Amino acid sequence: MSIVLVINSGSSSFKYQLIDAETGLPHASGLVERIGQEQGRVKHTVFFPPAAGGEAAVTATDATFERELPIADHTAGFQLMLDAFAENGPSLEQHAPVAVGHRVVHGGARFFEPTLITPLVEINIDELSVLAPLHNPGALQGIRAAKAAFADLPHVAVFDTAFHQTMPPAAYTYAIDAALAEAHRVRRYGFHGTSHKFVSEAAAAHLGRPLAELRQIVFHLGNGASVTAIDGGRSVDTSMGMTPLEGLVMGTRSGDIDPAVIFHLARRAEMTIPQLDDLLNKRSGMLGLAGVSDMRDIEDGVERGDEAATLAFEVYAHRLRAYAGAYLAELGGVDVISFTAGVGENSPLVRAAALETLGFAGVEIDPARNEQRGRGIRRISTDSSRVEVLVVPTNEELEIARQTIAVTA
């Protein structure tokens, strides 16, 4: 009895997956989006049989069903999800979930492990919305709608920030007025924790080495991107900060920037706080530098000799190397470096650029292995490399399911 319904809810949409936490096999997944708009959409995919290795890739025998109709709120959306299961399968009676796991972006400093959702936990998630106004309110709506739809099941919150609660104070403290920081909960929290945890543990298992003995650097590179230093399975530093804006260059986010740039633009360009927020979160990063946010388009531009795309890629890679070097110093060396998420798993060019200067630390990439495509965990370092370099497909839904089972078992 290890089937879990995993929910990832936003303000106007939610994704779901019905997954067996023990085998890692998904039975179905779906998306309910444009909630509260004139026309919503429901997409439901059934896996026959579930994809091997926990990968939710559609095969010829899988089936996807879609419909469009107005969706008033999350409660209506959950009913449509139940309808999709009833009409298209798999049967929730034959594949009955034993619990519902919810992804919640921000747990602040209050939540450092998966937590059974109670009315008090809901209040805390709501209060933490001040730190994640774009994410926590939507998660809370999804939690409440899911509890109404599955009233007899335990519901568990799995927080993106929880994995990073092991960081030491020196890593999470910002050097500003201490009383002001404490009053307004200003500190580094870190994100993508569920992915970093899954990947670091999967890498250790793949290598057949004890997690507690490994120093790891994990690059989670998608449209949002972060890198984490992991010592013995514990996060000791990470690139994202109080919000997901800090750190690496991303698809539309600037990453690290001198805070005085904000003051300068406010004075000289007369930009408002909302305009600056929009600039740094939605109009910066690769989009701001090259006009496109997708790394595939950037790489196409580099191949064509486009100057803006080339500069954007060089800025992106420079930041990756800077963090890799910093975390090498913090860890006192590294045993394993892993790449995951859309860019990390699929871009040989990014992986090579990120590590091209790390030969001094024993990092050697095999160009042929790096270019090979594959769906599972694979090594891209040479046989003589002192550091194992891996590509590890992430599976945040499976990690959420496992953590949910651990709480409810």
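Since the model is a prediction, treat every value here as computed from it, not as a measurement.

Inspection of every chain in the model, using the stated rule, returns 17 salt bridges. In this structure, Arg34 engages Glu68 in a salt bridge whose closest nitrogen and oxygen atoms are separated by 3.8 Å. Taken together, the residues Arg34 in the loop between β3 (26-33) and β4 (40-46) and Glu68 in strand β5 (residues 63-69) connect sequence positions 34 residues apart. A relative accessible area of 28% means that Arg34 is categorised as partly exposed. What emerges from the salt-bridge pattern is a single network uniting Arg369, Arg379, Asp383 and Glu388.

Bringing the pairing of strand β10 (residues 225-231) into the picture now. The element β10 is largely enclosed, with a buried count of six among its seven residues. Note that strand β9 (residues 215-221) and β10 share seven bridges and pair antiparallel. Across the sheet, Leu221 pairs through a bridge with Ala225, a residue of β10. Hairpin remark: β9 followed by β10, antiparallel, with three residues in the connecting loop. Adjacent in sequence and paired antiparallel, β10 and strand β11 (residues 234-238) are bridged by two residues, among which Gly232 carries a positive phi angle near 65°.

For the rest of this paragraph, the subject is the side chain of Asn136. Tracing the backbone shows Asn136 in helix α3 (residues 136-149). A relative accessible area of 0% means that Asn136 is categorised as buried. Of note is the side chain of Asn136, whose polar atom sits 3.0 Å from the backbone oxygen of His106. The residues touching Asn136, leaving out its near neighbours within four places in the chain, are Val104, Val105, His106, Ile125, Leu128 and Ser129.

All right, on to the confidence of the model for the protein then. Counting all residues, the mean pLDDT for the protein is 94, and 97% of those residues have values of 70 or more. Low pLDDT, under 50, characterises residues 50-58; the stretch is placed with 24 contacts to residues that sit more than four places away or in other chains.

The next subject is the packing of helix α10 (residues 295-304) against helix α11 (residues 307-331). Two elements in contact, α10 and α11, have axes separated by 8 Å at closest approach and are oriented at 120°. Our classification of the angle between α10 and α11 gives oblique. Crossing of α10 over α11 shows left-handed handedness. Here α10 contributes Met295, Ile298, Glu299, Gly301 and Val302 to the contact with α11, which in turn contributes Ala309, Thr310, Ala312, Phe313 and Tyr316. Per-class residue counts for the contact of α10 with α11 are seven nonpolar, two polar and one charged.

Our focus in this paragraph is helix α2 (residues 119-127). The complete set of buried residues in α2 reads Val121, Glu122, Asn124 and Ile125. Burial along α2 is one-sided: seen end-on, the buried residues are contained in an arc of 160°. Exposed residues lying more than 90 degrees from the buried face of α2 are Pro119 and Leu120. Looking at the buried residues of α2, the elements they touch are β6 (99-104), β7 (115-116), α3 and β8 (155-159).

UniProt records the feature "binding site: substrate" (unreviewed entry) for Arg103 in the present numbering. Tracing the backbone shows Arg103 in strand β6.

Within a regular beta strand, the side chains point alternately toward one face of the sheet and then the other, so they alternate between its two faces. With six of seven residues buried, strand β1 (residues 3-9) is to be regarded as a mostly interior element. As consecutive antiparallel partners, β1 and strand β2 (residues 13-20) are separated by three residues. One ladder, built from five bridges, connects β1 with β6; its direction is parallel. Bridging across to β6, Asn8 finds its partner in Arg103.

Conventions and cut-offs
- Counting restarts for each chain: residues are numbered from 1 in the order of the written sequence.
- Confidence filtering applies because this is a predicted model: local features only for residues at pLDDT of at least 70, side-chain atom pairs given and counted only at 80 or more, and all residues used for totals across whole chains, interfaces and linings.
- Water and hydrogen atoms play no part in the side-chain values, which are based on all heavy atoms of the structure.
- A pair is scored as a salt bridge if a Lys or Arg side-chain nitrogen falls within 4 Å of a carboxyl oxygen belonging to Asp or Glu.
- The helix count covers DSSP runs of H or I at least four residues long, the strand count covers runs of E at least two residues long, and both are numbered beginning at the N terminus.
- Partly exposed residues are those whose accessible area sits between 20% and 50% of the maximum for their type, while under 20% is buried and over 50% is exposed, using a 1.4 Å probe and protein chains only.
- Each pair of strands is called paired provided DSSP finds at least two bridges between the two strands.
- N or O atoms closer than or at 3.5 Å make up a polar contact, with two conditions inside protein: a donor-capable atom paired with an acceptor-capable one, and, for residues adjacent in sequence, both atoms drawn from side chains.
- Whether two residues are in contact is decided by their heavy atoms: any pair within 4.5 Å suffices.
- Note: pLDDT gives the predictor's confidence per residue, expressed from 0 to 100.
- Axis angles are defined between N-to-C directions and span 0 to 180 degrees, where every axis is a line fitted to C-alpha atoms and, for a helix, only to the segment in contact.
- Any angle that falls under 35 degrees is termed roughly parallel, while one over 145 is termed roughly antiparallel, one within 65 to 115 roughly perpendicular, and all others oblique.
- For a crossing to be left-handed, the near helix must be turned anticlockwise from the far one by less than a right angle; the clockwise case is right-handed.
- Under this grouping Gly is polar, as are all residues other than the nonpolar Ala, Val, Leu, Ile, Met, Phe, Trp, Tyr, Cys and Pro and the charged Asp, Glu, Lys and Arg.
- This arc is taken over the directions from the axis of the helix to the C-beta atoms.
- UniProt positions are given in the numbering used here, feature names are shortened, and annotations may be inferred rather than shown by experiment.

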